[in-house]
Amino acid sequence: MNRTKWLLICLSLLLGLVGCSAKTDRQVEKIIDKEHLTNEEKQLVKDSMLIEYVKDTYGNIVQITGFEIIPEEPEEAPPYITVKVKDREKGWVAEISCELYSTSKGKTTCKPYDNYLFRALSEEVQKEVEPALKKAFGAEKGNVSYFAFASVDNAQEKRWKFQQKPDYEKLKAEVPISIYIHSTAKESSIGDYSNQLFTFIQSLKKQEAILLDSNNGINFYKDEKLRDQYGNVYAKIITLDQADIKEMESPEQLKSHVRKGYMDGYNGEKERFERRMGDQ
């Protein structure tokens, strides 16, 4: 290919990208007009730089469909800006939000809270760990429930740029995950689940490159069915991180990780998980 043809191809690609970007900008402007945002709200959206974040991170993978602005309240929370996006392939909608802070130098900062990335990766995390969970707890499926998700809020500091929909398989060595397991069996104790939990841990160890969240890796809650004077439900809890499962060689070792607590830890995490996953 001669140099002239090569330059023409490069110029065509550049013009195509510019044209696509301009088209996207016009679409976003139409959405802003449709939302009837005030000038102040438009400025908050601009200062948040969430539109730039969406465009830089996802390109044409998602479509911006709307905005929501919760303005600053005196002496309370900072403005909370939300951009609603739709996955072009599957059609589901997610929110990318941030709290807009002013810095001492007169600038603004707004760290994205990315529910699109959370859902795209967590759907794959669920598929990744579900076979091992079913293998270990399948016989107890009537009394055991579980969910798993990608802990993206710190991992996204890397500011990935995606040409295709985010793929957990490609990012699993960088994205930690959390797994929550809940037993409601009345007659059994947490010790009765040692073998099943150990089986799950061993299966997980065989899966290459899975990275557990350092604070909330594997979390097993046994509902004790008893309440304190305030109505909080007691639980026996086992929490394990990457180092714990690496050293785990027998079910007996799990006993040293049992602690007393409440079911609100599990229930609160499940509520956040379901809210971030949206309609499925």
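Before reading on, note that the structure itself is shown above.
On a predicted model such as this, the values are computed, not experimentally measured, just so you know.

Peer 1: For the sheet that holds strand 9 (residues 218–227), give the residues involved together with the corresponding values.
Peer 2: Pairing within the open sheet is mixed, and its 5 strands lie in the order 7-8-9-10-11. Across the chains shown, the open sheet's two edge strands, defined by having one partner strand only, are strand 7 (144–150) and strand 11 (258–262). Pairwise comparison of adjacent strand axes, ignoring direction, gives a mean angle of 25 degrees for this sheet. The pairing of strand 9 with strand 10 (residues 233–240) spans 7 bridges and is antiparallel. Residue pairing across strands places Y221 opposite I237, the latter belonging to strand 10. Relative to strand 7, helix 4 (residues 115–137) is tilted by about 145 degrees, and along the sheet it contacts strand 7, strand 8 (177–183) and strand 9. Sitting on the sheet, helix 9 (residues 264–277) is in contact with strand 7, strand 8, strand 9 and strand 11, with an inclination near 55 degrees to strand 7.

Peer 1: Provide a residue-level description of the state of the cysteines, including the pertinent values.
Peer 2: Disulfides are covalent bonds that connect the sulfur atoms of two cysteines. Evaluation of the coordinates by the stated rule reveals 1 disulfide. Through a disulfide, C98 is tied to C110; the S-S separation comes to 1.8 Å. Judged by the torsion about the S-S bond (85 degrees), the C98/C110 disulfide is right-handed. Here C98 is found in strand 3 (residues 93–99), whereas its partner C110 is found in the loop between strand 5 (108–109) and strand 6 (113–114), with 12 residues between them in sequence. Using a relative accessible area of 1% as the deciding quantity, one classes C98 as buried. Under the relative-accessibility criterion, C110 is labelled buried at 12%.

What counts, and at which threshold
Residues numbered from 1 in each chain as written. Predicted model: local features only at pLDDT ≥ 70, side-chain atom pairs only at ≥ 80, totals over all residues. Heavy atoms only, no water. Pairing = 2+ DSSP bridges. Helix = DSSP H or I, 4+ residues; strand = E, 2+ residues; numbered from the N terminus. Axes fitted to C-alpha atoms, helices over the stretch in contact; angles between N-to-C directions. Contact = heavy atoms within 4.5 Å. Disulfide = S-S within 2.5 Å. Buried < 20%, exposed > 50% of the residue type's maximum accessible area, 1.4 Å probe, protein only.

Remember that the coordinates give geometry; whether it matters functionally is a separate question.
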